[in-house]
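The lines below spell out each chain.
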Amino acid sequence: MRFVHETLPQRVVFAAGDAAAATAAEVAVLGASRAMLIAGKAEAALADEVGAGLSVAVRHDEVVMHVPAEVAERARVAASASGADVLVCVGGGSTTGLAKAVALTTGLPIVAVPTTYAGSEATNVWGLTEGEVKTTGVDARVLPRSIVYDASLMLGLPVEMSVASGLNALAHCVDAMWGPRVDPIDQALAGEGIRALAGGLPAVVADPAGLEGREQTLYGAYLAAVAFASAGSGLHHKICHVLGGMFNLPHAQTHAVVLPHVLALNAPNAPEAAGRIAAAFGSPTATEGLRALRAALDAPRALRDHGMPESGIAKAVGPVLAAAPSNNPTPLDEENVTTLLRAAWEGADPS
Ligand code: NAD
């Protein structure tokens, strides 16, 4: 074997029902004492709960998906004015993304308390949007120093959002299997992530207020993000990035719809990865494993249901081809990318 695997330096705390104490402890580990508590208005009650043990210098609740540059700037100004020495973010990927934007320019450490399965907390990737253009980058300063995972914060995450967000995590696992920097460690993490998500998500749907399914799903989402951060964006993420930026589509739902189509395209030409995915699902084939899980979850099916216009198919083909990694298992051309996008747009069965 010859490969280089970089493990990102981060503390990870699983503490179901104990977010307040665990977050205070992580802030203390950093030697910090004045928190900027970042949480959107909808997550205010969760932030009250998590922040109970903190000395809060300022609360900031202007959270917008994909982190518009002016929103980031206002948060940076608020951070500096408050004299905060640590950022504590409570929320989904949009909230973590805002904390990352502040950390990028201020160097303040982040303690992340996620409330969805997006996984941004375990990556060193930041994203900012100016107009219709989303820019992403990699920077060690944006990697949260600690994550506090408390599955009890997710008991109120609506089932539809839980399914979409959990399938976003599953997409991290699947795409990691053939990501541009994939190595056997990423594949091991991704396989265990698939196993946990495939068990956890049906349990969440069956009992959204049950802790066990939530914990399994959260554990899978963390592994997914670690595998993805190391392996890099494969075709699936490039497609979702292009579509999300062009048509302002909801992040998790876009991933949930596109994933089976990318798997169907790549699996025949990636037998080793497909075998690992199938084994993780406990299914004869990777595509059958995903099909069965999606059916059990009543997963989102069509991009047209989430705001993509039909004319967007032709518009997106060129940018997808330009962004696609050169190591994609199935060689890409205008025809197969158009077929994939049309099938995802109309919600056809992937084949
Ligand atoms: P989100 O953060 O926008 O949250 C989606 C919705 O769920 C919001 O309405 C929010 O208020 C609600 N919500 C969140 N937690 C809840 C809870 N516990 N209970 C009830 N409602 C809750 O969406 P997301 O899918 O988590 O994140 C998407 C964003 O994250 C995108 O901008 C994406 O690009 C980014 N992201 C970045 C990375 C990275 O590595 N940088 C990785 C994944 C996602």
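Since the structure is predicted, the reported quantities are computational estimates derived from the model, not experimental observations.

Asks: Outline the overall build of the protein chain, supporting the account with residue identities and numerical values.
Replies: Of regular secondary structure, the protein chain possesses 13 helices and 8 strands. Radius of gyration (C-alpha) of the protein chain: 19 Å, near the 20 Å computed for a compact globule of 351 residues. Taking the principal axes of its C-alpha atoms as reference, the protein chain extends roughly 55 × 45 × 40 Å. For the protein chain, the residues scored as buried account for 55% of the 351 residues in total. Considering only contacts in the protein chain between residues 6 or more positions apart, those separated by 24 or more positions represent 75%. Carbon and sulfur atoms form 54% of the exposed surface of the protein chain, whose accessible area is close to 14000 Å². Charge-centre separation for the protein chain: the mean point of 22 positive side chains lies 4 Å from the mean point of 34 negative side chains.

Asks: An account of helix H4 (residues 93-106) is requested, with residue identities and associated values reported.
Replies: Between the first and last C-alpha of H4 there are 20 Å, a value that for 14 residues agrees with the 20 Å anticipated at 1.5 Å per step. In terms of burial, H4 is largely enclosed, as 10 of its 14 residues are buried. Buried within H4 are the following residues: Thr-95, Thr-96, Gly-97, Leu-98, Ala-99, Lys-100, Ala-101, Val-102, Ala-103 and Leu-104. For H4, the elements touching its buried residues are strand S2 (35-38), strand S3 (56-60), helix H3 (69-82), strand S4 (86-91), strand S5 (110-114) and strand S6 (125-130).

Asks: Tell me what's going on with a nonpolar patch on the surface, and back it up with residues and numbers.
Replies: On the surface, a nonpolar cluster with roughly 350 Å² of combined accessible area is contributed by Met-1, Phe-3 and Ile-185. Relative to the helices and strands, Met-1 resides in the segment before strand S1 (11-14).

Asks: Go over the site of the ligand with me, naming the residues and quoting the values.
Replies: Neighbouring the ligand are 23 residues; Ser-94, Thr-115, Thr-116, Thr-123 and Lys-134 lie closest to it. One of the side-chain N or O atoms of Ser-94 is found 2.6 Å from an oxygen atom in the ligand. The separation between a nitrogen atom of the ligand and a polar main-chain atom of Val-125 is 2.9 Å. Burial of the ligand by the surrounding chains reaches 80%, relative to a free accessible area of 870 Å². Of all the elements in the fold, those that place two or more residues in the shell around the ligand are H4 and helix H9 (251-266).

Asks: Could you give me a rundown of the packing of helix H5 (residues 159-176) against H9, with the residues and numbers involved?
Replies: At a minimum axis separation of 8 Å, H5 and H9 run at an interaxial angle of 45°. Accordingly, the angle class assigned to the pair H5 and H9 is oblique. Every pair of crossing elements has a handedness; the one defined by H5 and H9 is left-handed. Contacts between H5 and H9 involve Met-161, Ala-164, Ser-165, Leu-167, Asn-168, Leu-170, Ala-171 and Val-174 from the first element and His-251, Ala-252, Gln-253, His-255, Ala-256, Leu-259 and Leu-263 from the second. Class assignment of the residues belonging to the contact of H5 with H9 gives a composition of 10 nonpolar, 5 polar and no charged.

Asks: How would you sum up the domain arrangement of the protein chain? Please name residues and give values.
Replies: How big an interface is tends to be expressed through the accessible area that disappears when the partners come together. Each domain of the protein chain was delimited in the assignment, giving domain 1 (11-154) and domain 2 (159-346). Domain 1 and domain 2 are separated by 25 Å when their C-alpha centres are compared. By the criterion of area lost to domain 2, the three top residues of domain 1 are Phe-14, Tyr-117 and Ala-151, representing 35% of everything that side buries. Applying the counting criterion to the domain 1 and domain 2 interface returns 0 salt bridges. Taken together, domain 1 and domain 2 are joined by 3 residue pairs in polar contact (both at pLDDT 80 or more). Breaking the side of domain 1 that touches domain 2 down by element, the ones donating at least two residues are S1, strand S7 (133-138) and strand S8 (146-149). In terms of residue class, the side of domain 1 that touches domain 2 is made up of 11 nonpolar, 6 polar and 3 charged.

Quick notes on the rules
Residues numbered from 1 in each chain as written. Predicted model: local features only at pLDDT ≥ 70, side-chain atom pairs only at ≥ 80, totals over all residues. Heavy atoms only, no water. Helix = DSSP H or I, 4+ residues; strand = E, 2+ residues; numbered from the N terminus. Rg over C-alpha atoms; globule rule 2.2 N^0.38 Å. Buried < 20%, exposed > 50% of the residue type's maximum accessible area, 1.4 Å probe, protein only. Contact = heavy atoms within 4.5 Å. Areas by Shrake-Rupley, 256 points an atom, 1.4 Å probe, with all protein chains shown as cover. Lys, Arg positive; Asp, Glu negative; His and termini not counted. Charge placed at Lys NZ, Arg CZ, Asp CG, Glu CD. Expected span 1.5 Å × (residues − 1). Patch = residues over 30% accessible without salt bridge, like charges linked within 9 Å, V, L, I, M, F, W, Y side chains within 5 Å. Salt bridge = Lys/Arg side-chain N within 4 Å of Asp/Glu carboxyl O. Near = heavy atom within 4 Å. Polar contact = N/O pair within 3.5 Å; in protein donor to acceptor, adjacent residues only side chain to side chain. Axes fitted to C-alpha atoms, helices over the stretch in contact; angles between N-to-C directions. Parallel < 35°, antiparallel > 145°, perpendicular 65-115°, else oblique. Left-handed = near helix turned anticlockwise from the far one by under 90°. Nonpolar A, V, L, I, M, F, W, Y, C, P; charged D, E, K, R; others polar. Domains from an automatic or database assignment. Buried area = accessible area lost by both parts, 1.4 Å probe.

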